[in-house]
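Chain residues, written in single-letter form:
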Amino acid sequence: MPARPDEPRIEEATEDASVAPHSPADFEARLRQQVILSEFGVEALRGKDFNLLLQRATELCAEGMRAEYCKALEYLRGEDTLLVRAGVGWKPEVIGHATVGADLASPAGFALKTGRPVISNHLADETRFRTPQLMADHGIRRAINVLIENRDGAFGVLEVDDSREGKFDEADIAFMQGFANLLGSAIERHRTEELLRASLARQDLLAREMSHRVKNSLAIVASLLTLQARSAEGEPAVLAALQDARSRVEAIATVHDQLWRQGDLAEKDGAGEAVPGEIDLAPFLDKLVLNLASGAPTHRLTCAADPQKLSADLAIPIGLLINELVTNALKYAYPLARFPSGGEIRVRAERKNATLVVEVADDGIGLPEGFEIGRSSKSLGTRVIASLVRQLGGTLTLPPKEHGAQFHLAVPLEKGIG
Ligand SMILES: Nc1ncnc2c1ncn2[C@@H]1O[C@H](COP(=O)(O)OP(=O)(O)O)[C@@H](O)[C@H]1O
Ligand SMILES: [Mg+2]
């Protein structure tokens, strides 16, 4: 008789007197199944590895059913077939390779296509189904199949088989369906996480690509300013202004260089995920100071920074500030006549609770009388400094120092940057 999808397929359900619904043995078996269901529920929520999850599901399901065989079949839509993804009891070559027909004449195919649970307690006598070759090879006598589905649709079929005489009944279906539902949700969660991970990785890649381009564009701007400075050699004021502009552009480029490099490093070393838009302060300041030092070989620049993550929004003004202060120290702290062999300039960054403290100090001639940082200042550099401090919401103080100048910047760190 040809199978009809709307026909109920549960046969020989509970009439069998040997399995009275409320016998102590039956009660004990149901209780055990409940325990296993909740155990799997917890594992399904925690598990990270998809294959392990499927494998564990088949192990626990077989245990709950006290059955010899269990398998999780994945429906391969393109080939219209069911692949054994995980299982227990089967010969080793079966898992990951063997397939079962997904048509209505195979018990698993029927469960898949109709969504109904299927019990066959006498496969050999079946007129509804043919016995799949895989089952014949293992001497399977009886089988029970339920659909694994979730909001993405049907994933496949969960099947329990046995080569021994016996009966699967409706209570077994209830257990297996509960199990398959949990599994379906866990599969959905895995798929969603996978998609999310892939889209995060893509976003990170795009962000890094952007930083790389910004850095390259800024490098072009910097070299244009260098070219322009060369043509202004007869006019010292213009030359100085162009050089200052170039060094500010380079300070910003250094932030983008770090943004791009860090994501790249994290990917290559598997050293954890870099947060897009955040950089490590220490290598960034090292690079910045190294750049400034390369233009002033007679001076000694040192940099000491605590490990600290910083958003690009903070790193850019902080980098620009350090650039201004160090450039000033290079230009003014050590006049050649008094310091023919240059001097030391120290940059230090340290986190104190929720505050980032940055210090730039030298041992030179000290700041001129009446030096002040503010909007009304005559020189552009100090006006730039004042505006950057405001932008950071920080404070800049000048602790008294016997020789030389010292700048102390305190920047409140937002919560969440650690
Ligand atoms: N570390 C320092 N040591 C000595 N003098 C300094 C130092 N930093 C700044 N100054 C003085 O402060 C002045 C203002 O600096 P700034 O506003 O950056 O102007 P600019 O660098 O364009 O001359 C400088 O001209 C210099 O005289
Ligand atoms: Mg200056």
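These numbers were taken from a predicted model, which means no experiment stands behind them.

Observations regarding the overall build of the protein chain
Link 1 in the chain: Across its full length, the protein chain holds nine helices and 13 strands.
Link 2 in the chain: Here the C-alpha atoms of the protein chain give a radius of gyration of 36 Å, more than 25% beyond the 22 Å that 2.2 N^0.38 yields for 418 residues.
Link 3 in the chain: A principal-axis box enclosing the C-alpha atoms of the protein chain has dimensions of 110 × 45 × 35 Å.
Link 4 in the chain: Across the 418 residues that make up the protein chain, the buried fraction comes to 33%.
Link 5 in the chain: Across the protein chain, the fraction of contacts at a sequence separation of at least 24, relative to all contacts at a separation of at least 6, is 64%.

Overview of the confidence of the model for the protein chain
Link 1 in the chain: Overall, the predicted model of the protein chain reaches an average pLDDT of 88, with 91% of residues at or above 70.
Link 2 in the chain: Per-element averaging of pLDDT across the protein chain places helix 6 (residues 236-269) at the bottom with 84 and strand 11 (residues 355-362) at the top with 98.
Link 3 in the chain: Counting interchain partners and residues more than four positions distant, the pLDDT-below-50 stretch residues 11-19 has 13 contacts.

Observations regarding the environment of alanine 102
Link 1 in the chain: Within the fold, alanine 102 resides in the loop between strand 3 (99-101) and helix 3 (107-114).
Link 2 in the chain: Contacts of alanine 102, omitting those with residues within four sequence positions, involve Tyr75, Asp80, Thr81, Leu82, Gly109 and Leu112.

Things to note about the packing of helix 2 (residues 50-65) against helix 5 (residues 170-230)
Link 1 in the chain: Orientation of helix 2 relative to helix 5, taken along the N-to-C sense of each, is 170°, at an axis distance of 11 Å. With respect to each other, helix 2 and helix 5 are oriented roughly antiparallel. From helix 2, Phe50, Leu53, Ala57, Cys61, Gly64 and Met65 reach across to helix 5, where they touch Asp172, Phe175, Met176, Phe179, Leu183, Ala186 and His190.
Link 2 in the chain: Of the residues in the contact of helix 2 with helix 5, the class split is 10 nonpolar, two polar and one charged.

Comments concerning the sheet that holds strand 1 (residues 69-76)
Link 1 in the chain: The antiparallel open sheet is built from six strands, whose spatial order is 3-2-1-6-5-4. Single-partner strands in this sheet number two, and they are strand 3 and strand 4 (118-120). Sheet twist, expressed as the average angle between the axes of neighbouring strands with direction ignored, equals 25°.
Link 2 in the chain: Across six bridges, strand 1 lies against strand 6 (residues 153-162) in antiparallel orientation. When the sheet's bridge partners are listed, lysine 71 is paired in strand 6 with glutamate 159.
Link 3 in the chain: Each of strand 1, strand 2 (81-88), strand 3, strand 4, strand 5 (142-150) and strand 6 is contacted by helix 3, which is oriented at about 30° to strand 5, the strand it contacts most.
Link 4 in the chain: Running at roughly 35° to strand 5, helix 5 makes contact with strand 4, strand 5 and strand 6 of the sheet.

Looking at the domain arrangement of the protein chain
Link 1 in the chain: As far as domains go, the protein chain holds domain 1 (17-193) and domain 2 (278-412).
Link 2 in the chain: If you average the C-alpha positions of domain 1 and of domain 2, the two centres end up 68 Å apart.

Some words on the environment of lysine 48
Link 1 in the chain: By secondary structure assignment, the location of lysine 48 is in the loop between helix 1 (24-46) and helix 2.
Link 2 in the chain: In sequence terms lysine 48 and aspartate 363 are 315 residues apart; their C-alpha atoms lie 57 Å from each other.

Considerations on the sheet that holds strand 12 (residues 395-397)
Link 1 in the chain: With respect to topology, five strands assemble into an open sheet ordered 8-10-11-13-12, the strand pairing being mixed. Edge positions in the open sheet fall to strand 8 (300-305) and strand 12, since each of these has one partner strand only. Across the sheet, the mean angle from the axis of one strand to that of its neighbour is 10°, orientation sign disregarded.
Link 2 in the chain: Relative to strand 10 (residues 344-352), strand 8 runs parallel, the two sharing six bridges. By the bridge assignment, arginine 300 is partnered in strand 10 with glutamate 344.

Some details on the nonpolar core
Link 1 in the chain: Counting 50 residues, the largest nonpolar core has Cys61, Val157, Leu158, Val160, Met176, Phe179 and Leu183 as the members making the most contacts within it.
Link 2 in the chain: In terms of residue count, helix 5 provides more of this core than any other element does, eight residues in total.
Link 3 in the chain: In this structure, valine 160 is in contact with Cys61, Ala62, Met65, Ala67, Tyr69, Cys70, Ile144 and Met176, ignoring residues within four places of it in sequence.
Link 4 in the chain: Within the second largest apolar cluster, 47 residues are counted, among which are Val255, Ile322, Ala329 and Ile345.

A word on the site of ligand 1
Link 1 in the chain: Around ligand 1, the surrounding shell holds 16 residues, and the nearest of these are Asn328, Tyr332, Ser379, Gly381 and Thr382.
Link 2 in the chain: Looking at the shell around ligand 1, the elements that each hand over two or more residues are helix 8 (312-333) and helix 9 (380-392).
Link 3 in the chain: A total of five residues in the shell around ligand 1 trace back to one element, the largest contributor, which is helix 8.
Link 4 in the chain: Among the residues making up the shell around ligand 1, the classes are represented as nine nonpolar, five polar and two charged.

Examining helix 2
Link 1 in the chain: For helix 2, built from 16 residues, the straight-helix expectation of 22 Å at 1.5 Å per residue is met to within 8% by its first-to-last C-alpha distance of 23 Å.
Link 2 in the chain: Within helix 2, burial applies to Leu53, Leu54, Ala57, Thr58, Leu60, Cys61, Ala62, Gly64 and Met65.
Link 3 in the chain: For helix 2, the secondary structure elements touched by its buried residues are helix 1, strand 1, strand 2, strand 6 and helix 5.
Link 4 in the chain: Just downstream of helix 2, arginine 66 is the residue with a positive phi angle, here 50°.

As for the pairing of strand 5
Link 1 in the chain: When you tally the buried positions in strand 5, you get eight out of nine residues, the bulk of the element.
Link 2 in the chain: For strand 5 and strand 6, the ladder comprises nine bridges, and the chain directions are antiparallel. Bridging across to strand 6, leucine 147 finds its partner in valine 157.
Link 3 in the chain: Hairpin connection, strand 5 to strand 6: the antiparallel pair is bridged by two residues.

Quick notes on unusual backbone geometry
Glycine aside, a negative phi is what most residues show, and trans is what most peptide bonds show.
Link 1 in the chain: Positive phi outside glycine occurs at arginine 66, with the angle close to 50°.
Link 2 in the chain: Given 13 C-beta atoms within a 10 Å radius, arginine 66 is considered partly exposed.

Rules behind the numbers
- In this numbering scheme, every chain counts its residues from 1 along its sequence in written order.
- Chains carry letters from A onward and ligands carry numbers from 1 onward, assigned in written order.
- Note on the predicted model: pLDDT of at least 70 is required for a residue's local features to be given, and 80 or more for side-chain atom pairs to be given and counted; whole-chain, interface and lining totals, by contrast, use all residues.
- Under the scheme used here, helices are H or I runs from DSSP no shorter than 4 residues and strands are E runs no shorter than 2 residues, and both carry numbers assigned from the N terminus.
- This radius of gyration counts C-alpha atoms alone. The globule rule is 2.2 Å times how many residues there are, raised to the power 0.38.
- Any residue whose C-beta has 12 or fewer other C-beta atoms within 10 Å is treated as exposed, any with 20 or more as buried, and any in between as partly exposed, C-beta atoms being built from the backbone.
- Residue pairs qualify as contacts under a 7 Å threshold applied to their C-beta atoms, which are placed from the backbone.
- Note on scores: pLDDT gives the predictor's confidence for each residue, bounded by 0 and 100.
- Note on geometry: axes are C-alpha line fits, over the in-contact stretch for helices, and angles between N-to-C directions span 0 to 180 degrees.
- For classification, angles of less than 35 degrees are called roughly parallel, those exceeding 145 degrees roughly antiparallel, those between 65 and 115 degrees roughly perpendicular, and all remaining angles oblique.
- Basically, the charged four are Asp, Glu, Lys and Arg, the nonpolar ten are Ala, Val, Leu, Ile, Met, Phe, Trp, Tyr, Cys and Pro, and anything else, Gly included, counts as polar.
- Between any two strands, at least two bridges found by DSSP are needed for them to pair.
- An automatic or database domain assignment is the source of the domain bounds shown.
- When buried Ala, Val, Leu, Ile, Met, Phe, Trp, Tyr and Cys residues are joined through C-beta atoms within 7 Å, the set is termed a nonpolar core.
- Think of it this way: take the backbone, place a C-beta atom on it, and check whether that atom is within 6 Å of the molecule or strand, in which case the residue is near it.
- To estimate the expected span of a helix, count its residues, drop one, and scale the result by 1.5 Å.

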